[in-house]
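# Examination of the molecular architecture
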Amino acid sequence: MASKALPPALERLIADLSMLPGIGEKTATRLALSILRWPESRARELGEAITQLHSRIKLCTTCFTFSEDDPCAICGDPRRDHTIICVVEDPGDIIAIEKSGIFRGTYHVLHGAISPMDGIGPEDVKAKELIRRIEESKRAGGTEVKEVIIATSSTAPGEATASYLSDIIEKSGVKVSRIACGIPVGMDIKYADPHTLKQAISQRIALCESS
Ligand SMILES: [Zn+2]
């Protein structure tokens, strides 16, 4: 807890900021003090930006990434290749892959990874939404999904997710591949550098080919 020497309003902000990933009490205190030194209008703008996160940003009903529009900019872009879906754990992974510039398909965000040890099953991530999306693409009028690239992290949950999804998608006759090369074991996709990701995607390994 923050020191009792601080005014309660400042202590509250420090406690809130400390809940952010990678922010300890020391950093939170430094951040809170710099916000306090800002002109009031600027601090108010920061507060508004945080408030608007929930009121303006929703999930794209196709790929489930965070977006102000539905469909999101990628799902709604006719220049993207809608026959390929790259499956990621978090919206942050999309940002990393987009930076690599190699992928021109669409995405599907799981919002997590399957981890039986932590009690996280397929129903706790957007897995059935992916299967439904693939199935629906086969109906007349839509763009049929031909390939799914699984870009979950090379952690135990990421691997469990990849194997679960590939088993199911294989049955629907869609080509499934897994990015692997160059991504070190335990690596979170969003922290991989663009060059590594570029290689990982271009040298993806087929888990199963459609027959
Ligand atoms: Zn989308």
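Residues numbered from 1 in each chain as written. Predicted model: local features only at pLDDT ≥ 70, side-chain atom pairs only at ≥ 80, totals over all residues.

### Describing unusual backbone geometry
Cis peptide bonds are those with omega within 30 degrees of zero, and the linkage from Asp 70 to Pro 71 qualifies with 5 degrees. Looking at the element boundaries, Pro 71 is found in the loop between strand 2 (66-67) and strand 3 (81-88). Residues other than glycine seldom take positive phi values, yet Phe 64 does so here, at roughly 70 degrees. You can see Phe 64 is positioned in the loop between strand 1 (58-59) and strand 2. Non-glycine residue His 111 carries a positive phi angle of around 60 degrees. Locating His 111 in the fold gives a position in the loop between strand 4 (105-109) and helix 5 (127-137). (Helix = DSSP H or I, 4+ residues; strand = E, 2+ residues; numbered from the N terminus.)

### Topic: the packing of helix 4 (residues 91-100) against helix 7 (residues 194-202)
Packing of helix 4 against helix 7 leaves a shortest axis separation of 8 Å and a crossing angle of 85 degrees. In this view, helix 4 runs roughly perpendicular relative to helix 7, as classed from their interaxial angle. Here Ala 96, Ile 97, Lys 99 and Ser 100 of helix 4 come into contact with helix 7, specifically with Pro 194, Leu 197, Lys 198 and Ile 201. Taken together, the residues that form the contact of helix 4 with helix 7 break down as five nonpolar, one polar and two charged. (Axes fitted to C-alpha atoms, helices over the stretch in contact; angles between N-to-C directions. Parallel < 35°, antiparallel > 145°, perpendicular 65-115°, else oblique. Contact = placed C-beta atoms within 7 Å. Nonpolar A, V, L, I, M, F, W, Y, C, P; charged D, E, K, R; others polar.)

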